[in-house]
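The chain contents come next:
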Amino acid sequence: MIKDFTRRWLLVFLFLILILGKGQAQYRTGLGIRGGLLYGFSYKQGLDPSNYFEVIYGQKFMPLEGSNFMQQVATLMWEHNVRFRESKFQVTRLCWVYGIGGHYRWGNDRHAAGVDGTIGFEYQFLSVPFTVGIDAKPFYEFGVMHPLNYVDLGATLRFVFGN
């Protein structure tokens, strides 16, 4: 089941890269894959040069009550990107990212919703239309007695395009 899900969406992602062409230096839109505790796909849309919203859809392995199963997760985040322009290293294409949002989790007759935060780093390559990022997404779920963890750690590789 996991292999079919990943293979199908990876083909869609690669097809979009081929038809959308080369990315720009300042990106407006990004499509990517995310690995980590929550793994899946990411869509990031710029509202202005430093504010974005991000939608993450993926799966999460949940070992609850003596059984192991996969849950689907949809997350919507508002994010603010701050560039490291004045650093002593002069790394102008590196941003630190922070934001807030929420998620909804479902699967195997179990549902949960929660509030999410995010903090991390994103680097945009100069010669290729990609960014790479690492993040920590602390969260709180409502209606769950004992959440298994309170932070999703992950990395994202994103194809970027648009001004």
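Cut-off values and rules
Residues numbered from 1 in each chain as written. Predicted model: local features only at pLDDT ≥ 70, side-chain atom pairs only at ≥ 80, totals over all residues. Heavy atoms only, no water. Helix = DSSP H or I, 4+ residues; strand = E, 2+ residues; numbered from the N terminus. Buried < 20%, exposed > 50% of the residue type's maximum accessible area, 1.4 Å probe, protein only. Areas by Shrake-Rupley, 256 points an atom, 1.4 Å probe, with all protein chains shown as cover. Polar contact = N/O pair within 3.5 Å; in protein donor to acceptor, adjacent residues only side chain to side chain. Contact = heavy atoms within 4.5 Å. Pairing = 2+ DSSP bridges. Phe/Tyr/Trp six-rings, centres within 6.5 Å; stacked < 30°, edge-to-face > 60°. Lys NZ or Arg CZ within 6 Å of the ring centre and 35° of its normal.

Draft legend 1. Up close: the overall build of the chain. Summing up its helical and strand segments, the chain has one helix and eight strands in all. Here the chain holds 163 residues, and the buried ones make up 42% of them. When the accessible surface of the chain is totalled, it reaches about 9300 Å², and 67% of it is carbon and sulfur.

Draft legend 2. How the structure looks around the side chain of Thr118. Topologically, Thr118 is positioned in strand 6 (residues 110–124). At a separation of 3.1 Å, a polar atom in the side chain of Thr118 contacts the side chain of Lys137. Each residue touching Thr118, except ones within four places of it in the same chain, is listed here: Met77, Glu79, Val97, Tyr98, Gly99, Asp135, Ala136, Lys137 and Pro138.

Draft legend 3. Broad picture of the pairing of strand 2 (residues 38–46). Counting buried positions over the nine residues of strand 2 gives seven, a clear majority of the element. Where strand 1 (residues 29–36) meets strand 2, six bridges bridge the pair, whose relative direction is antiparallel. Across the sheet, residue Thr29 finds its bridge partner in strand 2, namely Gln45. As consecutive antiparallel partners, strand 1 and strand 2 are separated by one residue.

Draft legend 4. Region of the structure containing the environment of Gly107. In this fold, Gly107 is placed in strand 5 (residues 94–107). For Gly107, a relative accessible area of 15% gives the class buried. A sequence separation of 36 residues divides Gly107 from Gln71, and the C-alpha atoms of the two residues are 4.7 Å apart.

Draft legend 5. Molecular detail of the packing of aromatic side chains. Under the counting rule described, the total for this entry stands at 10 aromatic pairs. For the pair Tyr27 and Tyr52, a centre-to-centre distance of 5.5 Å together with 35° between the ring planes defines the contact as tilted. Here the residue Tyr27 occupies a position in the loop between helix 1 (2–20) and strand 1, and Tyr52 occupies one in strand 3 (residues 51–64), the gap between them amounting to 25 residues. For the pair formed by Tyr27 and Tyr52, the shared burial category is buried. For the pair Tyr123 and Phe125, a centre-to-centre distance of 5.2 Å together with 85° between the ring planes defines the contact as edge-to-face. Under the relative-accessibility criterion, Tyr123 is labelled partly exposed at 29%. Here the aromatic cluster, defined as three or more aromatic residues joined through ring pairs, consists of Tyr57, Tyr104 and Trp106. Over the ring of Tyr52 we find Lys44; its NZ or CZ atom is 4.9 Å from the centre of that ring.

Read these as geometric descriptors, not functional statements.
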